[in-house]
Amino acid sequence: MSKKYLITSALPYVNGLPHLGHLVGCLLPADVYARFCREQGRDTLCICGTDEHGTPSEVGAAKENMPVEEYCKKYHDLHAQMYQGFNLSFDYFGRTSSDQNKEITYRIFHALDKNGLIEEKMTKQVYSPADGRYLPDSYVIGTCPYCGYEKAKGDQCENCTKVLDPTDLINPKSALSGSSDIQIKETKHLFLNLPKLEAELNTWIETKKGIWPDIAYSVAKKWLKEGLQERGITRDLKWGFSVPKEGFEGKVFYVWFDAPIGYIGITKQWSDEKPNERNWEDWWLNPENVIHTEFMGKDNIPFHSITFPATLRGTGEKWTEVSFLKGMNWLNFAGGKFSKSAKRGIFLDDALKEFPADYWRYWLMANAPESDDTSFTFETFAATINKDLNDVLGNFINRVTKMTVKDFGLQVPALGEITDTEKELYATLDTLIKQYTDYMENLEIRKALATLREIWVSGNNYIAKTEPWKAVKTDKARAATILNTGLNLVRLFGILSAPIMPEKAKEMVKIFGKEDVFVWPKKSAQELLQELKEGDSFTAPEVLFQKITPERKEELKLKYKEGE
RNA sequence: CGCGGGGUAGAGCAGUCCGGUAGCUUGCCAGGCUCAUAACCUGGAGGUCGCGUGGUUCAAAUCCCGCCCCCGCAACCA
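Before going into details, it helps to say that this report is about the structure given with it. Each chain has its residues counted from 1, running along the sequence as written. By the order in which they are written, chains take letters starting at A while ligands take numbers starting at 1. Local features are withheld for residues below a pLDDT of 70 in this predicted model, meaning they are given only at 70 or higher, and side-chain atom pairs are given and counted only at 80 or more; totals for whole chains, interfaces and linings count all residues. Side-chain numbers come from the whole structure's heavy atoms, not from hydrogens or water.

This part takes up the protein's contact with RNA strand B. Near is defined per residue: the residue qualifies when any heavy atom it owns lies within 4 Å of the molecule or strand. Surrounding RNA strand B, one finds 53 residues, the nearest of these being Pro 56, Trp 223, Glu 226, Tyr 254 and Asp 299. Backbone sugar and phosphate groups make up 65% of those atoms of RNA strand B lying within 4 Å of the protein. Within the side chain of His 22, an N or O atom sits 3.3 Å from a phosphate oxygen of RNA strand B. At 2.9 Å from a phosphate oxygen of RNA strand B is found a side-chain nitrogen or oxygen belonging to Lys 387. Each helix is a run of DSSP H or I of at least 4 residues and each strand a run of E of at least 2, with the numbering of both proceeding from the N terminus. Per element, the largest residue contribution to the surface near RNA strand B is 10 residues, and it comes from helix H12 (residues 378-408). Along the lines of polarity and charge, the residues of the surface near RNA strand B split into 14 nonpolar, 16 polar and 23 charged. Counted as a polar contact is a pair of N or O atoms within 3.5 Å, where, for protein atoms, one must be capable of donating a hydrogen and the other of accepting one, and residues adjacent in sequence contribute only when both atoms are in side chains. In this classification, Asp, Glu, Lys and Arg are treated as charged, Ala, Val, Leu, Ile, Met, Phe, Trp, Tyr, Cys and Pro as nonpolar, and every other residue, Gly included, as polar.

A few words on the nonpolar core. Membership of the largest hydrophobic core comes to 149 residues, with the highest contact counts inside it found for Leu 20, Trp 360, Phe 376 and Phe 381. For this analysis, residues touch if any pair of their heavy atoms sits within 4.5 Å. Setting aside residues no more than four positions away along its own chain, Phe 376 makes contact with Leu 20, Leu 331, Asn 332, Phe 333, Ala 334, Ile 346, Trp 360, Trp 363 and Phe 381. In these notes, a set of buried Ala, Val, Leu, Ile, Met, Phe, Trp, Tyr and Cys residues joined through side-chain atoms within 4.5 Å is what counts as a nonpolar core. Buried residues are those whose accessible area, probed at 1.4 Å on protein chains only, stays under 20% of the maximum for their type, while exposed residues exceed 50% and partly exposed ones sit between those limits. Of all hydrophobic cores here, the second largest spans 9 residues; its members include Val 59, Val 126, Cys 144 and Leu 169.

This next bit is on the pattern of salt bridges. For salt bridges, the criterion is a side-chain nitrogen of Lys or Arg within 4 Å of an Asp or Glu carboxyl oxygen. What the rule picks out here adds up to 37 salt bridges. Note that Asp 350 and Lys 353 form a salt bridge whose closest N and O atoms lie 3.8 Å from each other. Separated by 3 residues within a single helix, Asp 350 and Lys 353 lie in helix H10 (residues 348-354), roughly one turn from each other. Residue Asp 350 is classed as partly exposed on the basis of its relative accessible area of 26%. Its relative accessible area of 65% is what places Lys 353 among the exposed residues. Between Glu 379 and Lys 557 there is a salt bridge; the shortest N-O distance is 2.6 Å. Here Lys 557 lies in helix H19 (residues 550-559) and Glu 379 lies in helix H12, a separation of 178 residues in the sequence.

Attention now goes to the side chain of Thr 315. Mapped onto the fold, Thr 315 is located in the loop between helix H9 (301-314) and strand S14 (324-328). Side-chain polar atoms of Thr 315 contact the backbone oxygen of Leu 312, separated by 2.6 Å. A distance of 3.1 Å separates a polar side-chain atom of Thr 315 from the backbone nitrogen of Glu 317. Every residue in contact with Thr 315, bar those within four places of it in the chain, is listed here: Ile 108, Ala 111, Leu 112 and Asn 115.

Judged by relative accessible area, which is 19%, Lys 557 ranks as buried. Along the sequence, Lys 557 and Ala 334 sit 223 residues apart, while their C-alpha atoms lie 9.9 Å from each other. Ignoring anything within four residues of it in the chain, the contact list for Lys 557 reads Phe 378, Glu 379 and Glu 562.

Moving on, we come to helix H3 (residues 68-85). Each residue after the first adds 1.5 Å to the expected span of a helix. With 18 residues, H3 should reach 26 Å at 1.5 Å per residue; the first-to-last C-alpha distance of 26 Å fits that figure. Buried within H3 we find Val 68, Tyr 71, Cys 72, Tyr 75, His 76, His 79, Met 82 and Tyr 83. All buried residues of H3 lie within an arc of 130° about the axis, which places them on one face of the element. The exposed residues of H3 that point more than 90 degrees off its buried face are Gln 81 and Gln 84. The inward-facing, buried residues of H3 abut helix H1 (20-39), strand S2 (43-50), helix H2 (55-63), strand S3 (92-95) and H10. Among the residues trailing H3, Asn 87 stands out with phi positive, at a value near 60°. Arc definition: it is the arc formed by the directions from the helix axis to the C-beta atoms.

One open sheet holds the 3 strands; their spatial order is S7-S6-S8, and the pairing between them is antiparallel. Taken across any chain shown, the strands that pair with only one partner, and hence form the sheet edges, are strand S7 (152-153) and strand S8 (170-174). Sheet topology places strand S6 (residues 140-143) next to S7; 2 bridges connect them, and they run antiparallel. Across the sheet, residue Gly 142 finds its bridge partner in S7, namely Ala 152. The rule for pairing is simple: two strands pair if DSSP sees at least two bridges between them.

On to the pairing of S14. The element S14 is largely enclosed, with a buried count of 5 among its 5 residues. Here S14 shows a buried face lined by Phe 324, Lys 326 and Met 328 and a second buried face lined by Leu 325 and Gly 327. By the bridge criterion, 5 bridges tie strand S13 (residues 290-297) to S14 in an arrangement that is parallel. Within the sheet, the bridge partner assigned to Thr 293 lies in S14 and is Phe 324. Chirality of the crossover, the property in question, places the unit of S13, H9 and S14 among those that are right-handed. Seen with its strands pointing away from the viewer, a crossover is right-handed if its path from the first strand over the helix to the second goes clockwise.

Take the environment of Glu 542 next. Tracing the backbone through its elements, the reader meets Glu 542 in the loop between helix H18 (525-528) and H19. By relative accessible area, which is 66% here, Glu 542 ends up exposed. Between the C-alpha atom of Glu 542 and that of Glu 507, which follows or precedes it by 35 residues, the distance is 8.9 Å.

The next point concerns the packing of aromatic side chains. Centre distance within 6.5 Å is the pairing criterion for rings of Phe, Tyr and Trp, where only the six-membered ring of Trp is used; planes under 30 degrees apart are then read as stacked, over 60 as edge-to-face, and the remainder as tilted. This structure, assessed with the given rule, holds 31 aromatic pairs. Relative to Tyr 75, the ring of Tyr 71 has its centre 4.8 Å away and its plane inclined at 50°; by these criteria the two rings are tilted. With Tyr 71 and Tyr 75 both in helix H3 and 4 residues apart, the pair spans about one turn of that helix. Across the pair, Tyr 75 and Tyr 71 agree in class, each one buried. Seen in terms of ring centroids, Trp 204 and Trp 212 are 5.8 Å apart; in terms of plane orientation they differ by 85°. Their pairing is edge-to-face. Residue Trp 204 shares its accessibility class with Trp 212, and that shared class is buried. Clustering of aromatic rings is evident, with ring pairs tying together Phe 333, Phe 355, Tyr 359, Trp 360, Trp 363, Phe 376, Phe 378, Phe 381, Phe 545 and Tyr 560. Sitting over a ring, as applied to charges here, requires NZ of Lys or CZ of Arg to be within 6 Å of the ring centre and within 35 degrees of the ring normal. Sitting above the plane of the Tyr 127 ring, Lys 185 keeps its charged end 4.0 Å from the centroid.

The following block contains the structure:
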C-alpha cells in the first residue's frame, strides 16, 4: 500500500485578519508542498481551518456587538475568502468549533481520563467583576515588581522580559475595562499530566535529530530539558467545548487543548461530507501508512512537538503522529513585528489588491525565514519581482514566443538535428530538475526556489548560445530546432513552477492548449523537451509579469509606512 | 540569570554535522549580443568568514575555550 501524505498548516486564530507572516510561516508552504505531492501522484490531504475558541473571540465579538458564534463565522469566512485569493489548495478549510471537533475532543479527553492522565487542581484565577469574566493572564496589566514598568502584562513583562503571574503585578487592572477591581478566585481546573509522558516523548524526539529543522528539534529538546509541567486544559469561559465531567459545569476546554485536535476534527468535517468515499480514520488512526507533515511558526513548535503528541500518546490509541515538523522563523516588516493593533505590516486583503497572488507567493517562498528571521521590504520585493519574474522568466517566454510567431507563425516548428548544445542543455536540466525535486521533497524551500530560478536561467543561456535570430537567416531548419526547444522549455518551466505560482504556471501551459492538471516531470529532459511536436499550435501569450516601477515602489513604502 | 536561533563581500543568503587555498543571488564595473519586458549572455572588482593576532592541527568559516552583538522564549501576539 502506498503511503498517504497528510499535510497540515497551523490553524490561524479567527480573531482579526491574517498578514504576510501567517502566510509565509504555515499556510503557504503547506499549500506548496501539497501541490508538489499531488503532482507526484500521491494520495494527499491538506488540512487547515480557523482556531476559534477562547477569550479574544469573546472580547472581539463583544466589541462588534454580535454573538460569538456569528462573529467567528464572519471571520472564518473572511479567512477562507482570502486564502482562496492566494490559491491555497486546502482539501478542507474547517473550524475548531465544529461538532466533529467536539466529538474528537471528547473522545480524546475520555481516553486520557481513563488512563489516569487527567488531574484536578485548585488554581487561582483573576476575576474582574466589571467585565463579568475571568481574565487570561495577559489581560491583566500593572506595574512590574522587578523593573517598575507600568504596562507589564500578567504573563510577562515586555520591558524586562521577566515571567510573571498576574498576582505579582502592583496595581493590577483589567486590560479590557481598565477596572482596578481585580479579584483572585480559587477555581478548580483539569490538568494534563505531561511529566508522566516525558521520558517517552524524549525518546521519540531524539529520533528526529538531524531530520527536523534545527529550530524545531532544539525548541522541543529545550522544553524536555527543562522538565515538563502539568498543563491546564480547562478555563472559566463560555465560548468553547463544555467540559464533560462532573463538577466542571460551566467550564470549557482551553483553546490549546482543542485547537490541535482541530486537525483531526476538521478532517472529520471533510470526510463527513462524503462518508462513502472518505474516512478520516484512514488518515488519523493509520500511523504506519501516513506521513504527516506539519507547518508552523516557531511559537507553535512546543505545542506540536510536545503537548499535542503527548495528548495523542496519552490516549493509548495509535494516532498518526507528526513525521516532519517544519518550523519557520518570523517574517518581520521593515525590521519590526507585524502588528494588528499598530496596523503595521501588510495584511492579506491589501496584498491582493496590490499585486497578483503569485508575486507574493514567489517572493515569500524565495525568502522564506527558514534559518533566521527575515524582513519584508518593498525594496527587495520589487527587486525580486523585477529580476526573477520579469527579466529572467517573463522575458524568456516573451522572446521565444515572439521570435517563433515572427518567423514561423503560431505553430511549433520542427525539431531537426540535435546538436551538442541541446545535449548540454539536457544534461544541465537533468541535474537541476533532480536537485529541485530533492529540495522540494526535503522542504528546503529557499534552495528549491534558487534552483528553479537556475532552471529558468538555463533557458536564456541556451538562447544566447544558439542565437536563433542569426540562424533564421542562414539555416532555417536550425532556427526551427532551437525555437521548438525554446517553446518546450516554456511549457516545462510552467510545469515546474506550478507549486509556487499556480496561476502563472497555468497561463504558461495554457498557451499550448494542453493540460492544466500538472504532473511532476519524471522523464529525462530530452523527452520532456520533445512533448510539444512540430505543428502543434499555440497562442501568443499576454505579457505574464509587470515590473514594479521605482515610483510605485516609493508609493507603496509610504502607503504601508515602511521604515516608520 | 538561563535557554534556543543568528552574526560569512554594499545588501540578502549557502557552506559549519563529516576541518583542506571562500561560494550563490542582487548591486557595481567591463565586454558580447541586439530576438526580447532598456532585456539576455560572459568576465571582473569586492570578504583578515562577530571578537580574542586564544587553544587543537601540517591545515579552522568549519572542532574546543572565553567574550561581544542581534532576534526569540512559558504558553489567547504566527
